[in-house]
Structure formats: structure tokens, C-alpha cells
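Breakdown of the fold
Chain by chain, the residues:
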Amino acid sequence: MKIIKHFFTITHHRHLVMKYCFKVGIGFQGLFHDLSKYSFKEFFVSAKYYKGDKSPTEYERLEKGYSEAWMHHKGRNKHHFEYWTDLDKEKMKYVAYPMPIRYVKEMFCDRIAASKTYLKDKYTNESPYDYFMTHCGRYNMNEKTREILESWLLMLKEKGEKETFKYIKSIKNKDDK
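Here is a short report on the structure shown in this document. This is a predicted model, so every value here is computed, not measured.

The subject of this paragraph is the packing of aromatic side chains. Applying the stated rule across the entire model yields ten aromatic pairs. When the ring of F7 is compared with that of F8, the centres are 5.7 Å apart and the planes differ by 70°; the resulting orientation is edge-to-face. In this structure F8 comes out as exposed when scored by relative accessible area, which is 55%. Members of the aromatic cluster, each reached through a chain of ring pairs, are Y20, F108, W152 and F165. Over the aromatic face of Y59 sits the side chain of K51, whose NZ or CZ is 4.9 Å from the ring centroid.

Spelled out as C-alpha cells, the structure:
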């Protein structure tokens, strides 16, 4: 039963992200959002830890101290800022690099969809912003990326989806290759 519930949860989430990606002008990219969640490495581990109220990777992390499913996921999905972290040879430490704007757009859509998926009828346009502000202290996110995401989440909170999606869609993906 957990396998079926997990499948429906990730599929619902994915469909929301696709819908929002079309609204911000990256529809084709949204079609491929989170396909790795259906891979053997992520799906069955996450189904084991599924409870329906937050990401199963959080429960896996509580039990093991780390999440194999998350490590697999973040290394394959460019809309996660962790994907853009690499070793700086000069500084000899890991550095967070700026994300191309198209992936910041997808990350924004992902945050809204995750909030709606797990909060259900308790969701408000403030929810993604509040979650980000509560947890951003533990993030090793590039400052430029953080500023962009935070400003969009604040705009969503203050002006709603329609105006925020329209604004984000107007931003060209100029830094993409």
C-alpha cells in the first residue's frame, strides 16, 4: 500500500511542477522533472519511508543519518542547488556555484508543488516562502541563486501565483547554454 501511495504522491507532485513550468516558460523542461524518482534506486527506498506528510528522504535521514535516495536524486536533477556544488581547487573546499536561471525557475516551481503536495488544504501562498526562510540557514546555496529564489518566493507570498508566474516567465534564460 505504501508503494501505491508513494507512486501517487510523486506523480501528483510531478504533474504540478510540469503545470507550473509551462506557466513560467520552461514547459519542455518540466516534462522531464524528477524522472529519477521512478528509478529503482530512489523509488523503493522512498516507498519504504513514505508517510505522506513530508519527503520520505527526511524519514530515511532520521533513521540512517543520511539519505541514499536523496544523494542519488540531487546528483541527477539540475533544479536542486546541491547539484551545482563542486570542489574549488584553489580554495580546496566545496563551493556553491550560481544556477542557470532555467533551473532556478524549475526549483521555484518544485517548491510550490512540494508545499501543495504535503500541506494539501493547509497550503497558502506564504507556505513556500515560510519553509524556505525556516530552513535556508542550513543551505549551502550560492548567494545569487538564493537572492533570486527568495525574491520570487516573497513575490508569490505578497502578490500571488498569477502575477509571480507572469513575472518569472518574462525573465529570459540568457545564462543557459
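Sheet topology note: the strand β1 (residues 85–88)/strand β2 (residues 93–96) ladder contains four bridges and is antiparallel. When the sheet's bridge partners are listed, T85 is paired in β2 with A96. Between β1 and β2, which pair antiparallel and follow one another directly, the connecting turn spans four residues, one of which, M92, has a positive phi of 55°.

Orientation of helix α6 (residues 101–119) relative to helix α9 (residues 161–170), taken along the N-to-C sense of each, is 160°, at an axis distance of 11 Å. Put simply, α6 runs roughly antiparallel to α9. For the pair α6 and α9, the crossing hand works out as left-handed. Mapping the contact onto sequence places K105, F108, I112 and K116 in α6 and E161, T164, F165, I168 and K169 in α9. Its residues assigned to classes, the contact of α6 with α9 shows four nonpolar, one polar and four charged.

Attention now goes to unusual backbone geometry. Of note in the backbone geometry, M92 takes a positive phi value of approximately 55° without being a glycine. Tracing the backbone through its elements, the reader meets M92 in the loop between β1 and β2. One non-glycine residue with positive phi stands out, namely K120, at about 50°. Locating K120 in the fold gives a position in the loop between α6 and α7 (127–135).

The rules behind each value
- Residues numbered from 1 in each chain as written.
- Predicted model: local features only at pLDDT ≥ 70, side-chain atom pairs only at ≥ 80, totals over all residues.
- Heavy atoms only, no water.
- Phe/Tyr/Trp six-rings, centres within 6.5 Å; stacked < 30°, edge-to-face > 60°.
- Buried < 20%, exposed > 50% of the residue type's maximum accessible area, 1.4 Å probe, protein only.
- Lys NZ or Arg CZ within 6 Å of the ring centre and 35° of its normal.
- Pairing = 2+ DSSP bridges.
- Helix = DSSP H or I, 4+ residues; strand = E, 2+ residues; numbered from the N terminus.
- Axes fitted to C-alpha atoms, helices over the stretch in contact; angles between N-to-C directions.
- Parallel < 35°, antiparallel > 145°, perpendicular 65-115°, else oblique.
- Left-handed = near helix turned anticlockwise from the far one by under 90°.
- Contact = heavy atoms within 4.5 Å.
- Nonpolar A, V, L, I, M, F, W, Y, C, P; charged D, E, K, R; others polar.

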